[in-house]
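These are the residues of each chain, in order.
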Amino acid sequence: MSTQPGDHPQILTYEGLRALVAGRRSVRRFRPDPVSRESIERILDVARLAPSAGNSQPWEFVVVTDAAMRSRVARAAASLFSAGRKRDPEFNWSISVQPFLSQAPVLIVVLGDRRVMAAYPSILRGNILMRQSLSNCVLALQLAAASLGLATAWGTLQGGSPESEIRDLLRIPDAFTIDHIVPVGYADEVECARAAALAPARERASRRRPLDAIVHWERYAAEKERSDGAVEQFIWSETVTRVRRADSQGR
Ligand SMILES: Cc1cc2nc3c(=O)[nH]c(=O)nc-3n(C[C@H](O)[C@H](O)[C@H](O)COP(=O)(O)O)c2cc1C
């Protein structure tokens, strides 16, 4: 069914959409309960409707449900972190979903077909446009899952050995990037609450900067510009990925 501008089903109110967007949260611990194939197809049917640069629709999806394969994919995705921890010790690697991917009954591997970059104007950086398009798709996927009461997270990959390992495991052709893995399942609320590493995310993840602080009418309102110090403070107190640890209190 094609839709015309402004032709939205009556049920989708502004309040309903806002509640869906505001209520979705990243979930990083999952119960083993299976998710039906129908639910996954409904989720991906929404994901494919996302807007993309030039309507290039770079996305394809590999849906992994086999437990042994999920473990292998999860192990490959998490391998990024052993190197990462050494390189960036102040980053809160423990917040990441990657080591817990195999808990989820379904992994959706989001592929990007690099060949569609030929559709983009040559003066722009095509891989950026493709990746922005893929991000839209992942957001649509997450919102669709949330609307069905299913939990998701966003697992970033982007290059390196995890990507090539997953490519081999799932026989993904070279033309595709493997940017994101989205676990889908039912939230394990007990484990989410118990995992100490997730505490900062629990506290901060739902916060967003207030509307008035980020909207500038007609021109940039100089009085709203944050100082470098304020941004640094924001990073340490509001993001989930930079947290002060007991061993780096001095910062
Ligand atoms: C582009 C992008 C990449 C992300 N990468 C990861 C990731 O690799 N691992 C992870 O656990 N969460 C990842 N996230 C999830 C964010 O940390 C999360 O969305 C944010 O903290 C807000 O929390 P919320 O999703 O519960 O609202 C990513 C989100 C986005 C939009």
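Residues numbered from 1 in each chain as written. Predicted model: local features only at pLDDT ≥ 70, side-chain atom pairs only at ≥ 80, totals over all residues.

Draft legend 1. Spotlight on the site of the ligand. Around the ligand sit Arg-25, Ser-26, Arg-28, Ser-96, Val-97, Ser-135, Ala-153, Trp-154, Gly-155, Thr-156, Ala-205 and Val-240, and those are all the residues in its vicinity. Grouping the amino acids of the shell around the ligand by side-chain chemistry returns five nonpolar, five polar and two charged. (Near = placed C-beta within 6 Å. Nonpolar A, V, L, I, M, F, W, Y, C, P; charged D, E, K, R; others polar.)

Draft legend 2. Looking closely at the nonpolar core. Counting 45 residues, the largest nonpolar core has Leu-101, Leu-107, Val-109, Val-110, Leu-141 and Val-184 as the members making the most contacts within it. The set of elements that each furnish at least two residues to this core consists of α2 (37-47), β2 (59-64), α3 (67-87), β3 (106-113), α4 (126-147) and β6 (176-187). Sort the elements by how many residues they give to this core and α4 lands first, with nine residues. When near neighbours in sequence (up to four residues on either side) are disregarded, Leu-107 contacts Val-64, Arg-70, Val-73, Leu-101, Ile-181 and Pro-183. (Core = buried A, V, L, I, M, F, W, Y, C linked by C-beta atoms within 7 Å. Buried ≥ 20, exposed ≤ 12 C-beta atoms within 10 Å, placed from the backbone. Helix = DSSP H or I, 4+ residues; strand = E, 2+ residues; numbered from the N terminus. Contact = placed C-beta atoms within 7 Å.)

Draft legend 3. Quick peek at unusual backbone geometry. Within the chain, Asn-55 stands out as a residue other than glycine whose phi angle is a positive 55 degrees. Its location among the elements puts Asn-55 in the loop between α2 and β2. Judged by the 9 C-beta atoms lying within 10 Å of it, Asn-55 is exposed.

Draft legend 4. Quick peek at the packing of helix α1 (residues 14-23) against α4. Contact geometry of α1 with α4 gives a least axis separation of 9 Å together with a crossing angle of 100 degrees. Taken together, the axes of α1 and α4 are roughly perpendicular relative to one another. Residues Leu-20, Val-21 and Gly-23 of α1 lie in contact with α4, whose contacting residues are Leu-143, Ala-146 and Ser-147. Of the residues belonging to the contact of α1 with α4, the class tally is four nonpolar, two polar and no charged. (Axes fitted to C-alpha atoms, helices over the stretch in contact; angles between N-to-C directions. Parallel < 35°, antiparallel > 145°, perpendicular 65-115°, else oblique.)

Draft legend 5. Spotlight on the environment of Arg-131. Note on placement: Arg-131 falls in helix α4. When the 17 C-beta atoms within 10 Å are taken as the criterion, Arg-131 is described as partly exposed. As for Arg-131 and Arg-209, which are separated by 78 residues in sequence, their C-alpha atoms are 25 Å apart. Among all residues touching Arg-131, those that are not within four sequence positions of it are Gly-112 and Asp-179.

Draft legend 6. Geometry of α2. Of all the positions in α2, only Ile-40, Ile-43, Leu-44 and Ala-47 are classed as buried. When α2 is viewed along its axis, its buried side chains cluster within an angular range of 95 degrees and face the same direction. Exposed and facing more than 90 degrees away from the buried side of α2 are Glu-38, Glu-41 and Asp-45. Tucked into the core, α2 has its buried residues touching β2, β3, α4 and β6. (Arc of directions from axis to C-beta.)

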